[in-house]
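What follows is each chain in one-letter form.
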Amino acid sequence: PSGGQTLSFSPKTSGSSALPTLLGWPSCVFVVIAAVSSLKGFYSHSFSLSSLPLPVLIKQAEPVDESSVKKMILTFEKRSYKNQELRIKFPDNPEKFMESELDLNDIIQEMHVIATMPDLYHLLVELNAVHSLLGLLTVVDLLQELTDIDTLHESEEGAEVLIDALVEGQVVALLVQNMERLDEQVKEEADGIYNTLAIIENMAEFRPGMCTEAAQQGLMQWLLKRIKARPFDANKLYCSEILAILLQNNDSLCDLKHISIIQLSCSQVFKRHNPSTAEEQEMMENLFDALCSCLMLPANRDRFLRGEGLQLMNLMLREKKMSRTSALKVLDHGMIGPEGADNCHKFVDILGLRTIFPLFMKTPKKMKKTGASEKEHEEHVSSIIASMLRNLKSQQRSRLLSKFTENDCEKVDRLMELHFKYLEAVQQADKRIEGEKHEMVRRGEILDDSMEDEFYLRRLDAGLFVLQLICYIMVEISNSGIPQLRQRVHQILNLRGGSVKVVRHVMREYAESIGDGKTEEFKEAERKRIMDLVDSF
């Protein structure tokens, strides 16, 4: 536009969407602009308003309502059919179907306006447009806009209808086939892959239950293949995010081969080198999170052992790189519970005690670089030691307990130091929570289950779970049959004004909350075992 004329956006008088106005004309001018700009290529969205004649810019479009959307979809169906017909008739003569190709592209660009009205998504399904769209490879950016997570939440009903149709049409399988044909050396095609991954992320966020089906439609294999490729780029980072999302929603998707590939991807770059950028660090954390999700499934802990995952994580701990924090988290997930018993024994056999106890004795100073907190580090280390005390038998258990007697029981001193640190933090949190409860009662408010859950989460944030792990270690070593350890624990408790009664209270609360996802028989047996230790303490 000339003469200082501008394109401005202002809210409509009715409805929640905002449509543009130009020179005071209420219109859908951006549809026209999008159609003209599409001639520059599907994946390129750059265009210059100054290059367009004013009459084109101010062309009055029909109001966007159910009638106009129906008309738009029917026009798309006609042009799509005509294009397919000409392509079949003249397969070796592109000039014959070039005009229909441009017409089809124009209407696809116009259909982007539907993404602003999710309550009309049902029309796409009712008029069979979803099936037609899935048959075209040039609609990736349209699908990305239609599945934008914020747009989907604007109209849950319309979004459900669209997602149902996409899932039924096996959209993920079609998108994966499309990605396999694209060459990422070409920028436009690399952008196409990025946009495709955005569609999958949007759908997975809106409907987590589809992750299993998506993985089985070839997505899992494609992601694992892509994260092995070098060098690092935005698409590789995005693949690591999608992989972490898939496994977070279904840990049973991982088998031994998958775990080995993820481990290999972690070790290729991060075993002896730090990530060079914040984005590369994010990818590293995504891969380790994916590995942790795999290990949530008990059967995968044995696969982790057979895939020599323990040796790799132990090596990363020794190298003292940024991957150390993530490796510690993976070890914690791999050794927890009775299913982690074999991993605990193997960890001692590969001299893992020499690695873990220096981290227990002193929290590394470089924690801020990795984005991890002191509490997170101390929680993982304490959890690993607690898992070993629970799972180790015979010689390996003796080797673990002997560590606590070394250098005049210095590790017991450190254990008690952590005990009082987290006990104080939890007591302060409890005091604040009690004050809030009294205030709520005074105002006549009801303390419902949701409020109690919120208070419990705040106690966990303050360090309750770490305190429970430390108290468990105290109780275990005190009942180990080594008088030296029991005496040292009680000696420090007495010197610092501690209380056996407080330790017992913490452990009873721990026993009550243990065993989520386990059978009732396991919960009962584990509670009895812990309470027997507490009574002997």
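The protein chain is annotated in an unreviewed UniProt entry as Beta-catenin-like protein 1 of Sphaeramia orbicularis. The protein chain has a UniProt comment under Subcellular location (unreviewed entry) that states "Nucleus".

(A) Fine view of the overall build of the protein chain. Secondary structure assignment for the protein chain yields 28 helices and three strands. Expressed as a percentage of contacts within the protein chain between residues at least 6 apart in sequence, the contacts between residues at least 24 apart total 74%. Working note: accessible area of the protein chain is about 26500 Å², and carbon and sulfur atoms make up 51% of it.

(B) The arrangement of empty space enclosed by the protein in detail. Applying the stated rule across the entire model yields two cavities of 30 Å³ or more. Estimates place the volume of the largest cavity at around 50 Å³. For the largest cavity, the full set of lining residues is Val167, Gln170, Val171, Val172, Met210, Glu213, Ala214 and Gln217. Of all elements in the fold, only α10 (171–181) and α12 (211–228) reach the threshold of two or more residues within the lining of the largest cavity. Per-element tally for the lining of the largest cavity: the top contributor is α12, with three residues. Taken together, the residues of the lining of the largest cavity sort by class into five nonpolar, two polar and one charged.

(C) Looking closely at the pattern of salt bridges. Under the definition given, this model contains 33 salt bridges. Arg207 is the salt-bridge partner of Asp164, the closest N and O atoms lying 2.8 Å from each other. In this pair, Asp164 sits in helix α9 (residues 156–168) while Arg207 sits in the loop between α11 (187–206) and α12, placing the two residues 43 residues apart along the sequence. Two residues, Arg226 and Asp233, come together in a salt bridge whose shortest N-O distance is 2.8 Å. We classify Arg226 as buried; its relative accessible area is 9%. One continuous salt-bridge network, built from bridges that share partners, spans Glu374, Glu378, Arg414, Glu417 and Lys421.

(D) Quick look at the environment of Ser276. With respect to the element layout, Ser276 can be found in the loop between α14 (256–270) and α15 (278–295). Under the relative-accessibility criterion, Ser276 is labelled exposed at 62%. A distance of 2.7 Å separates a polar atom in the side chain of Ser276 from a polar atom in the side chain of Glu280.

(E) Spotlight on the packing of helix α20 (residues 353–361) against helix α23 (residues 394–442). Viewed as axis vectors pointing N to C, α20 and α23 meet at an angle of 20°, and their least axial separation amounts to 10 Å. Classed by the angle they form, the pair α20 and α23 counts as roughly parallel. Judged by the twist between their axes, the crossing of α20 over α23 is left-handed. Note on element contacts: α23 touches α20 through Arg399, Leu400, Lys403, Phe404, Glu410, Lys411, Arg414, Leu415 and Leu418, opposite Leu353, Phe357, Phe360 and Met361.

(F) Highlighting the nonpolar core. Ile114, Leu124, Leu243, Ile262, Met313, Met388 and Ile477 are the most contacted members of the largest nonpolar core, which totals 146 residues. In terms of residue count, α23 provides more of this core than any other element does, twelve residues in total. Non-local contacts of Leu124, meaning those with residues more than four positions away in its chain, are made with Ile73, Met111, Ile114, Ala129, Val130, Leu146 and Leu162.

(G) Inspection of the packing of aromatic side chains at higher detail. If you walk through the whole model with that rule in mind, you get four aromatic pairs. Note on Tyr194 and Tyr238: the rings are 4.7 Å apart at their centroids and 55° apart in plane angle, and the pair reads as tilted. With Tyr194 in helix α11 and Tyr238 in helix α13 (residues 234–249), this pair connects stretches of sequence that are 44 residues apart. Residue Tyr238 is classed as buried on the basis of its relative accessible area of 7%. Measuring from centroid to centroid gives 6.3 Å for Tyr472 and Tyr510, while their planes differ by 55°, and the two rings are tilted.

Rules of the game
- Residues numbered from 1 in each chain as written.
- Predicted model: local features only at pLDDT ≥ 70, side-chain atom pairs only at ≥ 80, totals over all residues.
- Heavy atoms only, no water.
- UniProt positions renumbered as here; feature names shortened; annotations may be inferred.
- Helix = DSSP H or I, 4+ residues; strand = E, 2+ residues; numbered from the N terminus.
- Contact = heavy atoms within 4.5 Å.
- Areas by Shrake-Rupley, 256 points an atom, 1.4 Å probe, with all protein chains shown as cover.
- 1 Å grid on protein atoms, 1.4 Å probe; cavity = no way out; pocket = protein on both sides within 12 Å on 5 of 7 lines; lining within 4 Å.
- Points joined across faces, edges and corners; volume = space filled by probe spheres on them.
- Nonpolar A, V, L, I, M, F, W, Y, C, P; charged D, E, K, R; others polar.
- Salt bridge = Lys/Arg side-chain N within 4 Å of Asp/Glu carboxyl O.
- Buried < 20%, exposed > 50% of the residue type's maximum accessible area, 1.4 Å probe, protein only.
- Polar contact = N/O pair within 3.5 Å; in protein donor to acceptor, adjacent residues only side chain to side chain.
- Axes fitted to C-alpha atoms, helices over the stretch in contact; angles between N-to-C directions.
- Parallel < 35°, antiparallel > 145°, perpendicular 65-115°, else oblique.
- Left-handed = near helix turned anticlockwise from the far one by under 90°.
- Core = buried A, V, L, I, M, F, W, Y, C linked by side-chain atoms within 4.5 Å.
- Phe/Tyr/Trp six-rings, centres within 6.5 Å; stacked < 30°, edge-to-face > 60°.

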